[in-house]
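# Structural overview for review
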Amino acid sequence: QVQLLESGGGLVQAGGSLRLSCAASGRGGSNYAMGWFRQAPGKAREFVAGINTNGGGERYAGTVRGRFTITRDNAKNSVYLQMNDLKPEDTAVYYCAAGPRVDLPFDYWGQGTQVTVSS
């Protein structure tokens, strides 16, 4: 069982930056691929970015590629999402997730952190 705790959300103006963090605790936290998803009001949850166990295999949604960067620090059992050039359409609750690989369904989810981008 893995527990995930996100932090770093908040309110930012368009064009600004935020860095989300996700700390994994429990058994084998560094042995999982990690991902970020988001859900805007009235919309389905969508994949944002993912990274495999060894830090490779990064994947991004087309809407964030070039603006967001996912990294991980296995020594700290943590994954990060650096978000630059934020847009109002990036407003959503952002969730951290863990699973066997970035191209497979994720098994564990955090509670989410709100990101609001004002125009």
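Below is a summary of the structure that appears in this document.

Basis of the calculations
Here the residue index of a chain counts from 1 through its sequence in written order. Only residues with pLDDT of at least 70 are given local features in this predicted model, and only at 80 or more are side-chain atom pairs given and counted; all residues enter the totals for whole chains, interfaces and linings. With hydrogens and water excluded, all non-hydrogen atoms of the structure serve as input to the side-chain values. Any two rings among Phe, Tyr and Trp, with Trp reduced to its six-membered ring, count as a pair given centres within 6.5 Å; such a pair is stacked if its planes are under 30 degrees apart, edge-to-face if over 60, and tilted if neither. A helix here means a DSSP run of H or I that spans at least four residues, while a strand means a run of E at least two residues long, and both kinds are numbered starting from the N terminus. For the exposure calls, accessible area comes from a 1.4 Å probe over protein chains only, and a residue counts as buried if that area is under 20% of its type's maximum, exposed if over 50%, partly exposed in between. Any Lys NZ or Arg CZ that is within 6 Å of a ring centre and within 35 degrees of that ring's normal is treated as a charge sitting over the ring. Paired strands, in this sense, are two strands between which DSSP finds at least two bridges. Only C-alpha atoms enter the line fits that serve as axes; for helices the fit covers just the stretch in contact. Angles between N-to-C directions range over 0 to 180 degrees. Residue types Ala, Val, Leu, Ile, Met, Phe, Trp, Tyr and Cys, when buried and joined through side-chain atoms within 4.5 Å, form a set referred to as a nonpolar core. Any two residues whose heavy atoms approach within 4.5 Å are treated as being in contact.

### Let's talk about the packing of aromatic side chains
Scanning the model with the defined rule gives five aromatic pairs in all. Aromatic side chains Phe-37 and Phe-106 sit 5.3 Å apart centroid to centroid with 80 degrees between the ring planes, which places their arrangement in the edge-to-face category. Remark: Phe-106 occurs in the loop between β9 (92–99) and β10 (108–109) and Phe-37 occurs in strand β4 (residues 33–39); sequence separation between them is 69 residues. The two residues Phe-37 and Phe-106 agree in class, both being buried. Among the aromatic side chains, those forming a connected cluster through ring pairs are Phe-37, Phe-47, Phe-106 and Trp-109. Lying across the ring of Tyr-95, Arg-45 places its NZ or CZ 6.0 Å from the centre.

### Overview of the sheet that holds strand β7 (residues 68–73)
Strand order in the open sheet made by the four strands is β1-β3-β8-β7, with antiparallel pairing throughout. Every other strand in the sheet has two partners, leaving β1 (2–7) and β7 as the edge strands with one partner each. Between one strand axis and the next, the sheet turns by 15 degrees as a mean value, whatever way the strands run. As paired strands, β1 and strand β3 (residues 18–26) are joined by six bridges and run antiparallel to one another.

### Structural notes on the nonpolar core
Judged by nonpolar contacts, the single largest core of 30 residues is most densely connected at Leu-4, Met-34, Trp-36, Leu-81, Met-83 and Tyr-94. At the level of elements, β1, β3, β4, β5 (46–51), β7, β8 (78–83), β9 and β11 (113–118) are the ones that each hand at least two residues to this core. If we ignore the near neighbours within four places in the chain, the residues touching Leu-4 are Cys-22, Ala-23, Ala-24, Met-34, Cys-96, Ala-97, Ala-98, Tyr-108, Trp-109, Gly-110 and Gln-111.

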